[in-house]
Structures are given as C-alpha cells and as structure tokens.
Amino acid sequence: MDARAGGADDAGMQVVADGMGWGVLAWVAATFLLAGFVKGVSGMGLPTLAMALLSLQLPAAAAAALMLLPALLTNVAQCMGPHGAQLLRRLWPLWLGLLLGTLAAPLLGLGSGLARRALGVVLVGYGLFGLARPGLPAVGAYAGWLGLLAGSVGGALSAATGVFVMPLVPYLQALRLPRAALIQALGISFTLASLALAVRLGADMAAPPSLLAVAVALGAAWGGMGLGARWRERLPAAVFQRALHAVFLVLGVLMLLPR
C-alpha cells in the first residue's frame, strides 16, 4: 500500500513538474511575451511562434493546447475596427476558402515533421524575397478567385501543420490594404482559421492545460501585444513591411530547426 501511495505521489509530482514547474512557467511566459510582441508589431505570428518555442520544452500536443486560447483571444481583439463591413465585401471568398480548406483537407497531424519542414522552407523563401523587394503585384479583377484559392490552400496547410500564415498574408498584402485595415483583416482571418482548426481537430486535441499555465500565457501574450502595438504606431510603412517579412523568415527558420 505504501509503495502504491509512493508511486501515486511520484506521478502527481511529475504532473505538477510538467504542467506547472517554475522552469516551464518561465518558458511559457517568455514565449508568449515574445510572440505577443511580434503580433503587436506585425498583426500576426503568435500561434506559429508560440508553437515553435513551446515545442522546445513541451510535447507538440501540449503546446497546441496551451497556444489555442491565447491565440484565439488575441485574434478576437484584433478583429475590432472600423473596416469590418468593407473587409467582408472584399474578403468573403478568402474566408470561405479558408473554412472549406481547413474542414475538408486531409488531417496530416499537427506538427507533422515533413509538413513543418515544407512550410518552413516556404516561409524562409518568402521572408528572404520580401526583405529584398517586398512589393507584390496587385491582384486586380481576379481578387475574388485568387482569394478563394489562397484561402483553400491556406486551410489545407492549416489542417496539415496547425499554421495558417501562407498564402493568406501574401494575398492580403497584394490587396494594398491600409495598415489598419490589414491588421484587422489578419485578425479576422486568423480567428476564422483558429476556430476552423479547433473544429477540424475535434477529439484529437490534447487535454486542457493547467489554469495556472493558461493564466501565465494569457497575461504574457496581452502584455507583449500591447507593447508591440505601441511600437507599431512608431514604425514607418516601409519598416512595417520589412517587419512582416522578418517575421516570416524567423518563423521559417524555427520550423526548420531539429526537434
């Protein structure tokens, strides 16, 4: 009986260490502070950067479970703005394709090694291209059909990897939206992507993380996002575009690192 009790105590200590140890909590706080700052500056990047960094300390399933709520709530906040009706008229094909692509594409497994490496290569290539010459051709009269295609491909990549920045962001950049409208469009797009991915994963999602870990993640994400938003207002448009492409490059490199 004592042996069984000792084994139960050891298991309980292991759960506490894995979920709420000081070292893990410090890593969670630093991860979401940085990811929130990147999102505040660029309007994107929190889910992918958080997944990449959390996966260095946690299993992919646990990282995904911890990432989901901060990503969703920060995206919802980013959806607020005066451009909602205008964006709906212009972007409904993109959002329709995103939902259909996520829900219908094969679910290859969150954090699949091959899928992550392939997306990492795409992100690094696009980041380098953007830093060299960030201009993209205007989509013109084909905006609707290209939006449907971009959304469908982005949804399929989301189902395969848990990451949904490509090719949504290049498409939105090609629309030449004003900065505030672009930030709001990114927020709405990523919110829809997060919700669709949660539905798609369904019962395959990991068990909920501890309340303490979630509270630390949310607090750090909000703090980092607020700090990044203040810096965003001080950045000239050209610097802002370069920051977006630098985010792509960093995220791609992180996804290519050995796990």
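Here's the deal with the side chain of serine 194
Tracing the sequence through the fold places serine 194 in helix 9 (residues 179–201). A residue is classified by how much of its surface remains accessible, and serine 194, at 5% relative accessible area, is buried. Side-chain polar atoms of serine 194 contact the backbone oxygen of phenylalanine 190, separated by 2.9 Å. Residue contacts for serine 194: discarding those within four places in its chain leaves Leu68, Leu72, Asn75 and Phe164.

Some thoughts on the confidence of the model for the protein
Residue-level pLDDT values for the protein average 79, and 82% of them are 70 or greater. When pLDDT is averaged over each helix and strand of the protein, the minimum, 43, is found for helix 1 (residues 2–20) and the maximum, 93, for helix 5 (residues 84–104).

Topic: unusual backbone geometry
Phi is positive for arginine 176, which is not a glycine, with a value near 60°. As for its position among the elements, arginine 176 is in the loop between helix 8 (168–174) and helix 9. By relative accessible area, which is 49% here, arginine 176 ends up partly exposed.

Brief notes about helix 10 (residues 211–234)
Helical geometry note: an α-helix holds 3.6 residues per turn, so side chains three or four residues apart project in the same direction. The first and last C-alpha atoms of helix 10 sit 35 Å apart over 24 residues, in line with the 34 Å expected at 1.5 Å per residue. Among the residues of helix 10, Ala213, Val214, Ala217, Leu218, Ala220, Ala221, Gly224, Met225, Gly228 and Arg232 are the ones counted as buried.

Regarding the environment of arginine 200
Relative to the assigned elements, arginine 200 resides in helix 9. The class for arginine 200 is partly exposed, based on a relative accessible area of 23%. Along the sequence, arginine 200 and alanine 104 sit 96 residues apart, while their C-alpha atoms lie 8.5 Å from each other.

Some thoughts on the nonpolar core
Grouped together as the largest cluster of nonpolar side chains are 63 residues, with contacts concentrated most on Phe32, Leu66, Leu91, Val165, Tyr171 and Leu172. With 8 residues, helix 9 is the single largest residue contributor to this core. The contact partners of phenylalanine 32, leaving out residues within four places of it in the chain, are Leu46, Ala50, Leu54, Leu66, Met67, Pro70, Ala217, Ala220 and Ala221.

Rules used throughout
Within each chain, residues carry numbers counting from 1 in the order of the written sequence. Under the rules for a predicted model, residues below a pLDDT of 70 receive no local features and side-chain atom pairs below 80 are neither given nor counted, while totals for whole chains, interfaces and linings still include all residues. To obtain the side-chain values, all non-hydrogen atoms of the structure were used and water was disregarded. Helical segments are the DSSP runs of H or I of at least four residues, strand segments are the runs of E of at least two, and each set is numbered from the N terminus. Only protein chains enter the accessibility calculation, which uses a 1.4 Å probe; a residue whose area is less than 20% of its type maximum is buried, one above 50% is exposed, and one in between is partly exposed. N or O atoms within 3.5 Å of each other form a polar contact, as long as, within protein, one can give a hydrogen and the other can take it, and as long as residues adjacent in sequence are counted only when both atoms are side-chain atoms. Between two residues, a contact is recorded if the distance between any of their heavy atoms is within 4.5 Å. Values of pLDDT, ranging from 0 to 100, describe the predictor's confidence in every residue of the model. Helices are assigned an expected span. That span is 1.5 Å times one less than the residue count. Think of a nonpolar core as a cluster: buried Ala, Val, Leu, Ile, Met, Phe, Trp, Tyr and Cys residues, connected wherever their side-chain atoms sit within 4.5 Å.

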